[in-house]
Amino acid sequence: MNRRREVVRKLLENRGELLVIAGLGSTAWDITATGDSPLNFPMWGAMGQAAMFGLGLALAQPQRRVLVLTGDGEMLMGLGSLATIGVQQPANLSIVVIDNERYGETGMQVTHTAHGVDLSAVARACGLKVCSFEGLREAVHSQPGPNFAAVKVQPEKIPLVLSPREGALLKARFRRALIGAEADSV
């Protein structure tokens with residue numbers, strides 16, 4: 001079975017200008033463990049919203065590739081976002097669910113994916129292109145989307161690697177990375 005940090009490391013290796021939105025908790029720590037970047041936007045305190053944030057960013061920045069990394073618990077909380085993404089069809093958006101079948105933030109209780117809920121089938125039914133694990137990196141970096149993959153990983157507790165938690169700081173550095181120094185005056 002896959003290990004979450006290894007999956008994330010491979011996806012972000014030589015990432016170039018890829019914009020990365022990470023869901024609440026473990027996926028935010030995973031992107032930070034790979035190397036913090038101003039092009040990362042970890043969600044703090046917004047469970048279920050990473051996919052919608054990624055959609056908004058993809059629509060606002062159609063020339064940039066956008067990757068949403070989120071967990072199965074968060075994706076389950078925001079299932080409706082897949083329908084909206086399917087209707088909007090942003091070609092520059094990919095969503096990767098790191099599925100450990102657990103709610104890691106609240107004590108590792110099992111999620112519905114442990115009982116057979118198939119997030120890829122839901123995404124497919126909503127009109128997203130479901131990618132195989134083998135083709136995932138290429139899809140994220142160069143294939144037209146919206147792309148989706150649910151990657152099963154070990155349900156392990158791993159050390160936290162915290163990104164900055166100050167919302168204003170994260171917003172300011174992400175805006176600067178997107179639009180340059182003029183972000184400070186807008």
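Look up a bit, the structure's there.
Residues numbered from 1 in each chain as written. Predicted model: local features only at pLDDT ≥ 70, side-chain atom pairs only at ≥ 80, totals over all residues. Heavy atoms only, no water.

Draft legend 1. Broad picture of the packing of helix α1 (residues 4-12) against helix α2 (residues 26-34). Where α1 contacts α2, the two axes come as close as 9 Å, and the packing angle between them is 55°. Judged by the inter-axis angle, α1 sits oblique to α2. In this structure, the crossing between α1 and α2 has a hand that is right-handed. Here R4, R5, V8, R9 and L12 of α1 lie close against α2, whose contacting residues are S26, T27, W29, D30, I31, A33 and T34. Partitioned by chemical class, the residues of the contact of α1 with α2 number five nonpolar, three polar and four charged. (Axes fitted to C-alpha atoms, helices over the stretch in contact; angles between N-to-C directions. Helix = DSSP H or I, 4+ residues; strand = E, 2+ residues; numbered from the N terminus. Parallel < 35°, antiparallel > 145°, perpendicular 65-115°, else oblique. Left-handed = near helix turned anticlockwise from the far one by under 90°. Contact = heavy atoms within 4.5 Å. Nonpolar A, V, L, I, M, F, W, Y, C, P; charged D, E, K, R; others polar.)

Draft legend 2. Representation of the side chain of D72 within the structure. Relative to the helices and strands, D72 is located in helix α4 (residues 72-77). Buried and unpaired, D72 has no salt bridge, with R4 as the nearest side chain of opposite charge at 6.4 Å. Of note is the side chain of D72, whose polar atom sits 3.3 Å from the side chain of T113. The residues touching D72, leaving out its near neighbours within four places in the chain, are V97, I98, D99, N100, E101, R102, T111, T113 and L119. (Buried < 20%, exposed > 50% of the residue type's maximum accessible area, 1.4 Å probe, protein only. Lys, Arg positive; Asp, Glu negative; His and termini not counted. Salt bridge = Lys/Arg side-chain N within 4 Å of Asp/Glu carboxyl O. Polar contact = N/O pair within 3.5 Å; in protein donor to acceptor, adjacent residues only side chain to side chain.)

Draft legend 3. Geometry of the nonpolar core. I21, M75, L93, I95 and F148 are the most contacted members of the largest nonpolar core, which totals 26 residues. Contributing elements (two or more residues each) for this core: β1 (19-22), α3 (50-60), β3 (66-71), α4, α5 (80-88), β4 (93-99), α6 (119-125) and α8 (167-179). Examining the composition of this core, we find that five residues originate from one element, α3, more than from any other. Aside from chain neighbours lying at most four places away, what touches M75 is A51, T70, S81, L82, I95, V97, L119 and F148. (Core = buried A, V, L, I, M, F, W, Y, C linked by side-chain atoms within 4.5 Å.)

Draft legend 4. Region of the structure containing the environment of L11. Inspection of the secondary structure assignment puts L11 in helix α1. Given the relative accessible area of 3%, L11 is considered buried.

Draft legend 5. Structural context of unusual backbone geometry. The linkage connecting G145 with the following residue, P146, adopts the cis geometry, with an omega of 10°. Residue position: P146 is located in the loop between α7 (136-142) and β8 (147-152). Its identity as a non-glycine residue notwithstanding, N14 has a phi of 50°, on the positive side. Judged by relative accessible area, which is 70%, N14 ranks as exposed.

Draft legend 6. Focus on the packing of aromatic side chains. Overall, the coordinates contain two aromatic pairs when judged by the stated rule. Measuring from centroid to centroid gives 4.9 Å for F41 and F53, while their planes differ by 10°, and the two rings are stacked. Here F53 lies in helix α3 and F41 lies in strand β2 (residues 40-42), a separation of twelve residues in the sequence. Here F41 falls in the buried class, since its relative accessible area comes to 13%. Look at F53 and you get partly exposed, because its relative accessible area is 31%. Each residue in the set F41, F53 and F174 is aromatic and connected to the rest through ring pairs, giving one cluster. (Phe/Tyr/Trp six-rings, centres within 6.5 Å; stacked < 30°, edge-to-face > 60°.)

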